[in-house]
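Understanding the architecture of this molecule
As a plain string of letters, each chain reads:
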Amino acid sequence: MPELPIPSVGQLVFAAVALFTAISGLIVVASPNLFHNALALVATLFGVAGLYILLEAEFLAVSQVLVYVGAIATLITFAIMLTRSMMYGRTSPVNRQWGKAAIFAVLFFAVLLGFVQGIPWVSNMAELPSSQETIVALGMEFVTTYVVAFEVLGLLLLVALVGAVMLARDN
Amino acid sequence: MREHWSEAFIGLLISFGLPELLATILAYAIGGFLLVFIALNSALILIWITRKVISRMQDRIGPNRVGPFGLLQTGADAAKLMSKEDITPTEADKIAYNLSPILAVFGMVMLWAVIPFAPGIIGADLNVGVIYLVALGSIAVMSALMAGWGSNNKYALLAGFRVVAQLLSYEIPMVLAILTVVLLTGTMSMASIVGFQSLTIAGFNLGFGWLGFLMPGALLVFFISTLAESELTPFDLLEAESELIAGFHIEYSGMKFAMFFLAQFVISWVWAAVVATLFLGGWQGPFVDQLPILGLVYFFIKAYAIYVLQQWIRGTFPRIRIDQMMYFAWKVLVPLMVGLIVIQAIVQKLPVPVVIQYALIFISNIGVVGIVINVLTGYFRNETIRTKRSFQPRSLIGTMQPAE
Amino acid sequence: MIPLNWYLMVAGFLFACGLYGALARRNAIAILMGVELMLNAANINLVAFWRYSDTFADMSGQVFALMVIALAAAEAAVGLALIISVYRKRKTINVEELDALAG
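Counting starts from 1 at the beginning of each chain's written sequence and moves along it residue by residue. Chains and ligands are labelled by the order in which they are written, letters from A for the one and numbers from 1 for the other. With pLDDT at 70 or above as the cut-off, local features in this predicted model cover only qualifying residues; side-chain atom pairs require 80 or more to be listed or tallied, and sums for whole chains, interfaces and linings still use all residues. To obtain the side-chain values, all non-hydrogen atoms of the structure were included, while hydrogens and water were left out.

Under the scheme used here, helices are H or I runs from DSSP no shorter than 4 residues and strands are E runs no shorter than 2 residues, and both carry numbers assigned from the N terminus. Scanning chain B from N- to C-terminus turns up 13 helices and two strands. Its C-alpha atoms give chain B a radius of gyration of 23 Å, near enough to 22 Å, the size a compact globule of 404 residues would have. By its C-alpha atoms, chain B is 65 × 55 × 40 Å across when sized along the principal axes. Each of the 404 residues in chain B was classed as buried or not, and the buried ones make up 51%. Radius of gyration means the value over C-alpha atoms here, while the globule rule gives 2.2 Å times the residue count to the 0.38 power. For the exposure calls, accessible area comes from a 1.4 Å probe over protein chains only, and a residue counts as buried if that area is under 20% of its type's maximum, exposed if over 50%, partly exposed in between.

Written out as structure tokens, the structure reads:
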């Protein structure tokens, strides 16, 4: 067996972030306390933002923190606090089909792993132009190639906002 | 671009004979440690300034016993807080209760990484620096929510909800005000925005090309939003001792409370520094090109001036109710900023020279803000005369009234 | 340095976690959290493939990922509003007990 290669700093950082994300993801679905699930979700979202930074998509990373952690995770925590019927683990957190779901998830992951490992992906990153140009290119793409999707997204967010307020009203 | 401080420092360390990797790690470690040290210790000066300013507002002297001019008062307070008993309420969620003050300080310290102190001295010149600042506000939101929940106290929970409502509502005018700056300068990096604000006359950098001169409306809205984000009066409904039993840190005592206290003061200074960076030119000023260290002096003068202004307002204004606060954020500030952005976007695409664009932006800022203030004061006055009590908006959405 | 399939493995693991959460949990909010995990896993895939592609003028990966983030926000808002509304009517959000439409 050839000598083990010493991991470079980049690989160590990736391993740390990926491990943090994976363990938080596991806590999200495995802990019986619902509030701990929400906290672990926040940790997972931060970990994913860290992965985006490793992939040199900085604007996406801060957008992820801004939207996911600042808004969605806060919304989820609010909803947990407003509907606190099953908080302290008195009833089981999993439903009738948890065994089959666990087997299915593990099998799914195994198939995905086998599939991914079997294909010779490209394993080196090409050199990115400066990040400033990346952000400029992103903005240009939004208003030239994908402008229809962009506008429809705005309309969708407006509809979702109005709909959520209407649905959650007290009368 | 100017040379980043780390390059000079790493060069110095390499000249001592260290290998390059070790020099890099050491340089960043020392820089990071220095930044955190300054961040945490500036609370001492800031609390002293606050107490002196507010006491002079209230026609009294303020702390003057401990040390010359009361400078060591904060140290005495910190020692007192450290010696207090650390009480944990029963059935408090241990993880949430203990993690929340740590997250509050963590969010505050992380903000220091993108503030440009002097030409070349910035923690990390991120290309998305301004959005990074707003995104880290969400850590403060999570910490408040966790504190409210972990205290196992329904008043703390309610106060936590209201804090989150306030912070999230005022994040939107803040982001929109930042958007006007980004539209004008074309970059989101803090160092580049400060570099934009130079005024070069005959090859000499006068350093007075501040964006605040150009967009006073956006400056005003951003300043008000920073008051709300740091929970200062007139927006400190959630931390006042007489309202809702001192808010979400009611169940904290001793060092944990000290961490919340420290985080609150330093965050208000950090937002003052951001106002100084985005709208008042940061380290720009006369003679900065020749003597870069002068930029540090200018920056701190501006940041502390805005901080004193914040504390001045804190000592002067009464606090507003939560429904009035939500009304103000959503129905006044957001439409105002959206109007300003639309006008600025249209103006920036007109085929006129840049100076005319700047003049149009300035006129539109003054005009829109003046019209809004006129309309609003008339409306509030009519409402007060009609209902014979202080202004009460018709909708109570977002105010999280306690359930009966 | 970092091969592409490492990112795909992390994304796959997160997706499997989200899948288990969406299938096996009782609380409606926990199911929503599983769905959010799956969306994040897909986003990691999108951005990783964008990064390792040959052309950088084509920012489709990041554009798609940003749209997924915005869509997830809209979906979470509406979903949580629904859950709160159901809680007010039925006093429970245990999906095993919400069976008014069952045969």
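Let us now look at the arrangement of the chains. Two residues form a contact once any of their heavy atoms are found within 4.5 Å. Considering every one of the two pairs of chains in contact, the largest contact total is recorded for chains A and C. In this view chain B stays clear of chain C, with the nearest C-alpha atoms of the two still 13 Å from each other.

In this section: the nonpolar core. Grouping buried Ala, Val, Leu, Ile, Met, Phe, Trp, Tyr and Cys residues that are joined through side-chain atoms within 4.5 Å yields what is termed a nonpolar core. Formed by 184 residues in total, the largest nonpolar core has its most connected members in Val130, Met215, Phe222, Trp269, Leu278 and Phe279 of chain B. Beyond its immediate chain neighbours, meaning those up to four positions away, Phe222 of chain B contacts Met174, Ala177, Ile178, Trp271, Val274, Val275, Leu278 and Phe279 of chain B.

Tallying the contact residues gives 27 residues for chain B and 25 residues for chain A. By buried area we mean the combined loss of accessible area, with a 1.4 Å probe, across both parts when two parts are placed together. For the pairing of chain B and chain A, the buried interface totals around 2,300 Å² over both sides, and the portion due to carbon and sulfur atoms is 80%. It is Asn127, Met142 and Trp149 of chain B that lose the most area in chain B upon contact with chain A, and together they represent 27% of the buried surface on that side. We define a salt bridge as a contact between a side-chain nitrogen of Lys or Arg and a carboxyl oxygen of Asp or Glu at a distance within 4 Å. The tally of links from chain B across to chain A stands at zero salt bridges. Pairing of N or O atoms within 3.5 Å defines a polar contact, subject to two protein rules: one partner must be a possible hydrogen donor and the other a possible acceptor, and residues neighboring in sequence count only if both atoms are side-chain atoms. Taken together, the connections running from chain B to chain A amount to zero residue pairs in polar contact (both at pLDDT 80 or more). Elements represented by at least two residues in the side of chain B that touches chain A include exactly helix H4 (94-110), helix H5 (129-150) and helix H6 (154-185) of chain B. Ranked by residue count, the leading element in the side of chain B that touches chain A is H5 of chain B, at eleven residues. In this count, Pro and Cys sit with the nonpolar residues alongside Ala, Val, Leu, Ile, Met, Phe, Trp and Tyr, while Asp, Glu, Lys and Arg are called charged and the others, Gly among them, polar. For the side of chain B that touches chain A, the residue count by class is 20 nonpolar, five polar and two charged.

Let us look at unusual backbone geometry. Here Glu56 of chain A, not a glycine, exhibits a phi torsion of approximately 60°, which is positive. With respect to the element layout, Glu56 of chain A can be found in the loop between helix H2 (34-54) and helix H3 (58-82). We classify Glu56 of chain A as partly exposed; its relative accessible area is 37%. With a phi close to 60°, Asp59 of chain B is a non-glycine residue in the positive phi region. By secondary structure assignment, the location of Asp59 of chain B is in the loop between helix H2 (20-57) and helix H3 (73-82).

All names here are of chain B. Aromatic rings from Phe, Tyr and Trp, with only the six-membered ring used for Trp, were paired whenever their centres fell within 6.5 Å, and each pair was classed as stacked if the ring planes differed by under 30 degrees, edge-to-face if by over 60, and tilted otherwise. Scanning the model with the defined rule gives 26 aromatic pairs over all chains in all. Taken together, a centroid distance of 5.5 Å and an interplanar angle of 75° make the contact between Phe299 and Phe300 edge-to-face. Take Phe299: its relative accessible area is 0%, and that puts it in the buried class. Ring pairing ties together the aromatic residues Trp112, Phe117, Trp269, Phe299, Phe300 and Tyr304, which thus form one cluster.

Moving on, we get to the interface of chain A and chain C. Chain A puts 86 residues into the contact, and the matching count from chain C is 68 residues. In total, chain A and chain C occlude about 7,300 Å² of area from one another, counting both sides; carbon and sulfur atoms represent 76% of this. Three residues stand out in chain A for area buried against chain C, namely Phe14, Val29 and Leu55 of chain A, and they jointly supply 9% of the buried area on that side. The interface formed by chain A and chain C holds one salt bridge in total. Two residues, Glu56 of chain A and Arg51 of chain C, come together in a salt bridge whose shortest N-O distance is 3.1 Å. Inspection of the region where chain A meets chain C yields ten residue pairs in polar contact (both at pLDDT 80 or more). Looking at the side of chain A that touches chain C, the elements with two or more residues in it are helix H1 (9-30), H2, H3, helix H4 (98-118), helix H5 (131-143) and helix H6 (147-167) of chain A. When residues of the side of chain A that touches chain C are assigned to their parent elements, the largest contribution, twelve residues, is made by H3 of chain A. A class-by-class count of the residues in the side of chain A that touches chain C yields 59 nonpolar, 20 polar and seven charged.

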